[in-house]
Amino acid sequence: MRRVSVFGATGSIGQNTLDLIRRRRAEFKVVALTGGANIAQLAADAREFGADLAVTADEARLGELREALAGSGVEAAAGAQALVEAAERPADWIMSAIVGAAGLAPGLKALEQGTTLALANKESLVTAGPLLMATARAHGATILPVDSEHSAVFQGLIGEDAASVERVIITASGGPFRDWPVGQLARATLEQALNHPNWVMGQRITIDSASMFNKALELIETHEFFGFPPEQIEVLVHPESLVHALVGFNDGALMAHIGPADMRHAIGFALNWPERRHLPVERLDLARIGQLRFQAPDETRFPALRLAREVMQTGGLAGAVFNAAKERALDAFIAGKIGFMDMAAVVEQVLGSLSVRPGLIQGAITLDNVAEADHLARVGASEAIRALQAKG
Ligand code: NDP
């Protein structure tokens, strides 16, 4: 039986992961499940799967979790340190699907155990890619990408010589605002941003898709995970979200990965790797779909893409600054404090101001330095947000 743990089990990726595990229950032993605020879901899943351990990120909710698990035999724990300890529990396969920078420390701990880490938490690669990859190498661990674009690139590279790759193209649906003019984008509401045309995802990533911050994170993720230089990585807008990525080779061939817009495909690929096994996803009828459209992204309307290129060029801790400033700006947009286009303005300002601080961005990528860069970026972003609010 394969021992599996799911970090971020109560979220969109976590629930899709459990859906796949549920269908082949007899093959898996669930070691640890983790969540945040959704104690009822966490407890229900821990009971259903007979997990050894359930952890909520929220220390104040430990009593509630214990109560919800009473009589089940599932151990309860809470807090950031408990999440890291849960990653120490021996498991053969661990899903990293916590949202945000909080996913980094448990992911690193999991890699130190030499496990196979299915990585959905893109923020880990963006904030500390070199550290994550070096930790995996040092401990003989395997990282499998779960983001659909990166899973597609990974699949496109199987059996290929990386030296023959000329370019990698990741696609973007363009989100609900694909064709909106800048003036209208500035007035976009939270409700409109949450209305993604193709994918059903968590709230934060859905808004990041509308602003293309999600694609910006994915550009950096591609660079960090596969090691391709920034100039070899392109973004292509593809409204149907069926071609997830293309790999271009030195003989002119472009290998496209086409699959349904269902995260269970990429999750299932990582769960079954190195085999391919049946997955309960739609089989595409391309004749019915009829056309696949592509267009160049507009970096004026979606400045996040330009900022991501700056981050890749700068390297070091710029990714940690970028991600933290983006998270704070996103919180402010969700809270109605700033407008949709202000998110990129805040991030750009923070990147600009922290880039000039000697030693900060170019510091070694350690957990402590990432935490410091993250903290300073959040402080900077809060100031920028207050200034924008004061301007009205
Ligand atoms: P959700 O918001 O749906 O779920 C996030 C999970 O993380 C939940 O289990 C949540 O708990 C938990 N969580 C929230 N805050 C914390 C915290 N501070 N510490 C520990 N756990 C926390 O997100 P998604 O499932 O959509 O995304 C998860 C990750 O996967 C993200 O990094 C995202 O970018 C990436 N991803 C998602 C895709 C998708 O289709 N959804 C596609 C590709 C990548 P609770 O809900 O109980 O509060």
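Below is a summary of the structure that appears in this document. Being a predicted model, the structure only gives us computed values, none of them experimental.

**Focus: unusual backbone geometry**
- Cis rather than trans, the peptide bond between Trp273 and Pro274 has omega equal to 5 degrees.
- For Pro274, the location among the structural elements is in the loop between α12 (263-272) and α13 (286-289).
- The residue Met212 is not glycine, and still its phi comes out positive at about 70 degrees.
- Here Met212 shows up in the loop between α10 (203-211) and α11 (213-226).
- With a phi angle near 55 degrees, Ser241 is a residue other than glycine that sits in the positive phi range.
- Here Ser241 shows up in the loop between β9 (233-237) and β10 (243-249).
- Looking at Ser241, the relative accessible area reads 4%, which means it is buried.

**Some details on the site of the ligand**
- Neighbouring the ligand are 25 residues; Thr10, Gly36, Ala37, Glu123 and Asp147 lie closest to it.
- In this structure, Gly11 approaches the ligand through a main-chain N or O atom, which is 3.1 Å from an oxygen atom.
- A distance of 2.9 Å is found between an oxygen atom of the ligand and a backbone nitrogen or oxygen belonging to Ser12.
- When the ligand is considered free in solution it has 900 Å² of accessible area, and contact with the protein chains removes 83% of it.
- When contributions to the shell around the ligand are tallied by element, the ones reaching two or more residues are α1 (12-23) and α6 (122-138).

**Comments concerning the sheet that holds strand β5 (residues 93-96)**
- Spatially, seven strands are ordered β4-β3-β2-β1-β5-β6-β7 in an open sheet, and the strand pairing comes out parallel. Here the strands that pair on one side only, and so sit at the sheet edges, are β4 (75-78) and β7 (142-145). Strand-to-strand twist across the sheet, computed as the mean angle between neighbouring axes with direction ignored, equals 20 degrees.
- Relative to strand β2 (residues 28-35), strand β1 (residues 2-7) runs parallel, the two being bridged by four bridges. Bridge pairing in β2 places Arg2 opposite Phe28.
- Of the strands in this sheet, β1, β2, β3 (53-56), β4 and β5 are in contact with helix α4 (residues 80-88), which crosses β3 at around 150 degrees.

**A short note on the pattern of salt bridges**
- For the coordinates displayed, the defined rule picks out 27 salt bridges.
- With its nearest N and O atoms 3.1 Å apart, the salt bridge here joins Arg23 to Asp19. Of this pair, Arg23 and Asp19 both sit in helix α1, four residues apart, which is roughly one turn of that helix.
- Overall, the relative accessible area of 19% leaves Asp19 in the buried class.
- Glu234 is the partner of Arg167 in a salt bridge, and the nearest nitrogen-oxygen pair spans 3.3 Å. With a gap of 67 residues between them, Arg167 in strand β8 (residues 165-172) and Glu234 in strand β9 connect regions that are remote in the sequence.
- Accessibility expressed as a relative area gives 30% for Arg167, which makes it partly exposed.

Conventions we followed
Residues numbered from 1 in each chain as written. Predicted model: local features only at pLDDT ≥ 70, side-chain atom pairs only at ≥ 80, totals over all residues. Heavy atoms only, no water. Helix = DSSP H or I, 4+ residues; strand = E, 2+ residues; numbered from the N terminus. Buried < 20%, exposed > 50% of the residue type's maximum accessible area, 1.4 Å probe, protein only. Near = heavy atom within 4 Å. Polar contact = N/O pair within 3.5 Å; in protein donor to acceptor, adjacent residues only side chain to side chain. Areas by Shrake-Rupley, 256 points an atom, 1.4 Å probe, with all protein chains shown as cover. Pairing = 2+ DSSP bridges. Axes fitted to C-alpha atoms, helices over the stretch in contact; angles between N-to-C directions. Contact = heavy atoms within 4.5 Å. Salt bridge = Lys/Arg side-chain N within 4 Å of Asp/Glu carboxyl O.

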